[in-house]
Amino acid sequence: MGKSHFPIDLAIMSAIRQLVKPGSTIVELGSGNGTNRLTKEFTVYSIEDNLNWIGYCEDSNYIHAPLVKLDYDEEIVEWYNPDIIKENLPENYDLILIDGPAGKKGRSGFLANLDLFNLNIPIVIDDTLREHECNVARETAFLLNRPMYMFWNFSIITPEILNREQIARIQKVALEILDGEEEPYLSSYFSSAKEKVAKNFTTLEGVIKEEQEKKLEYSRLKASQRKLKSIENSFSLKLGRIITSPITILLKLIRRN
Ligand SMILES: C[S@@+](CC[C@H](N)C(=O)[O-])C[C@H]1O[C@@H](n2cnc3c(N)ncnc32)[C@H](O)[C@@H]1O
């Protein structure tokens, strides 16, 4: 049996770690096995329509929102009942993960209900190797006037611009996952499963190392700046200045003459 692509993979976990702090609150649309991964590091609210998946992960906070028919862009889509979401969403949360509802079209219901959500936080959209999910992602990016960072099977739309290290870290894990995928799966989404350019882990690791060294250098500089300031403000330096001030004044007068 092939690998199940229902749960979020480790690259999405890596992306979430780059986007929010440990212990942050995540609102997940569509729950499953992967929710267990999330709850180990984060507080999770899972919006789920299917009773079979409600309570599957004992540490998540489930919001049971059955699907209802909605109108979006002249199409009828089935999406979570917006009234239930509105009533049950936590007041504060740090990231939205879109991975449901199941099926081919429903996820555009998110676009029809953007007003329900806090949009000033990162949004991670899984499965954007599929046309529908990809359209939901690019439409979200368009409507929010934000860049969309697209990895091979998921996308990120975030108010903060991602830095080199964050992108390199996410891409590294995304490529590791891609390495483990089978040809028939990839061929069902891409014209060819054969890569044209080999995966370059060395470059990605180089970027991560370089950025870490820069951070280290920066914190060293900050530390020596703090040290200099504390010397400047120290009592002994001030006392020294007072004691030597007559000599300083005398020297200035001599130089002027
Ligand atoms: C892509 S899944 C969501 C997966 C979830 N975010 C995770 O990481 O496990 C979308 C929907 O399919 C259903 N589902 C979840 N896991 C499933 C599985 N292993 N097999 C079939 N359906 C699943 C649930 O109703 C879920 O809302």
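The model shown is predicted, which means the values in this text are computed figures rather than measured ones.

What counts and how
- Residues numbered from 1 in each chain as written.
- Predicted model: local features only at pLDDT ≥ 70, side-chain atom pairs only at ≥ 80, totals over all residues.
- Helix = DSSP H or I, 4+ residues; strand = E, 2+ residues; numbered from the N terminus.
- Rg over C-alpha atoms; globule rule 2.2 N^0.38 Å.
- Buried ≥ 20, exposed ≤ 12 C-beta atoms within 10 Å, placed from the backbone.
- Contact = placed C-beta atoms within 7 Å.
- Core = buried A, V, L, I, M, F, W, Y, C linked by C-beta atoms within 7 Å.
- Pairing = 2+ DSSP bridges.
- Axes fitted to C-alpha atoms, helices over the stretch in contact; angles between N-to-C directions.
- Left-handed = near helix turned anticlockwise from the far one by under 90°.
- Nonpolar A, V, L, I, M, F, W, Y, C, P; charged D, E, K, R; others polar.
- Expected span 1.5 Å × (residues − 1).
- Near = placed C-beta within 6 Å.
- Parallel < 35°, antiparallel > 145°, perpendicular 65-115°, else oblique.
- Domains from an automatic or database assignment.

A. Focus on the overall build of the protein. Along the protein, the regular secondary structure elements total 9 helices and 9 strands. At 26 Å, the protein has a C-alpha radius of gyration far larger than the 18 Å of a compact globule built from 257 residues. Projected onto its principal axes, the C-alpha positions of the protein cover 90 × 50 × 35 Å. Per-residue burial over the protein gives 29% buried out of 257 residues. Pairs at least 24 residues apart make up 59% of the contacts formed inside the protein by residues separated by at least 6 positions.

B. A look at the nonpolar core. Judged by nonpolar contacts, the single largest core of 40 residues is most densely connected at A11, A15, L95 and V124. For this core, the element with the most residues is helix α1 (residues 10-19), which contributes 5 residues. Not counting the four nearest positions on each side in its chain, V124 is found in contact with I12, A15, I16, L95, L97, F154 and I156.

C. Main features of the pairing of strand β4 (residues 67-72). Both β4 and strand β5 (residues 75-80) contribute to a ladder of 6 bridges, which runs antiparallel. If you follow L70 over to β5, its bridge partner there is V77. A loop of 2 residues connects β4 with β5, the two strands running antiparallel in sequence, and D73 in this loop sits at a positive phi of about 50°.

D. Main features of the packing of helix α6 (residues 164-179) against helix α8 (residues 201-232). Look at α6 against α8: their axes get within 9 Å of each other, and the N-to-C directions meet at 145°. Considering the relative orientation of α6 and α8, their crossing is left-handed. Together, R164, E165, A168, R169, Q171, K172 and L175 of α6 and F201, L204, V207, I208 and E211 of α8 make up the contact between the two elements. Residue composition of the contact of α6 with α8, grouped by class: 6 nonpolar, 1 polar and 5 charged.

E. Representation of the sheet that holds strand β2 (residues 43-48) within the structure. An order of β3-β2-β1-β6-β7-β9-β8 is seen for the 7 strands of this open sheet, with the pairing classed as mixed. The open sheet is flanked by β3 (61-64) and β8 (148-150), the only strands paired with a single partner. Neighbour-to-neighbour, the strand axes of this sheet turn through a mean angle of 20°, independent of strand direction. Strand direction decides the pairing type here: strand β7 (residues 123-126) and strand β9 (residues 154-157), joined by 4 bridges, are antiparallel. In the strand pairing of β9, I125 is matched with S155. Along the sheet, helix α2 (residues 34-41) contacts β1 (25-29) and β2; its crossing angle with β2, the most-contacted strand, is approximately 155°.

F. Highlighting α8. The end-to-end C-alpha distance of α8 is 47 Å, a good match for the 46 Å that 32 residues give at a rise of 1.5 Å each. Little of α8 sits inside the fold, with 1 of its 32 residues counted as buried.

G. Broad picture of the site of the ligand. By nearness alone, 18 residues border the ligand, and F6, G30, G32, G34 and A102 come closest of all. Class assignment for the residues of the shell around the ligand results in 6 nonpolar, 9 polar and 3 charged.

H. Spotlight on the packing of α1 against α6. Axis separation between α1 and α6 bottoms out at 8 Å; the angle between their running directions is 170°. In terms of axis orientation, α1 runs roughly antiparallel to α6. When α1 is examined against α6, the residues L10, A11, S14, A15 and Q18 are found in contact with a partner set consisting of Q166, R169, I170, V173, A174 and I177. Among the residues making up the contact of α1 with α6, the classes are represented as 7 nonpolar, 3 polar and 1 charged.

I. Just the pairing of β9, in detail. Where burial is concerned, the two faces of β9 agree: the one with F154 and I156 and the one with S155 and I157 are both buried. Judged from the 3 bridges that link them, β8 and β9 form a sheet pairing that is antiparallel. Note that in β9 the partner of M150 across the bridge is S155. Turn length for the β8-β9 hairpin, with the two strands adjacent in sequence and antiparallel, is 3 residues.

J. Here's a closer look at the domain arrangement of the protein. Domains assigned within the protein are domain 1 (10-199) and domain 2 (210-256). Placing a centre on the C-alpha atoms of domain 1 and another on those of domain 2 gives a separation of 52 Å.

K. Seen up close, unusual backbone geometry. The omega torsion of the bond from G100 to P101 falls at 5°, within 30 degrees of zero and hence cis. A positive phi angle, close to 55°, is found at N145, a residue other than glycine. Relative to the assigned elements, N145 resides in the loop between α5 (131-144) and β8.

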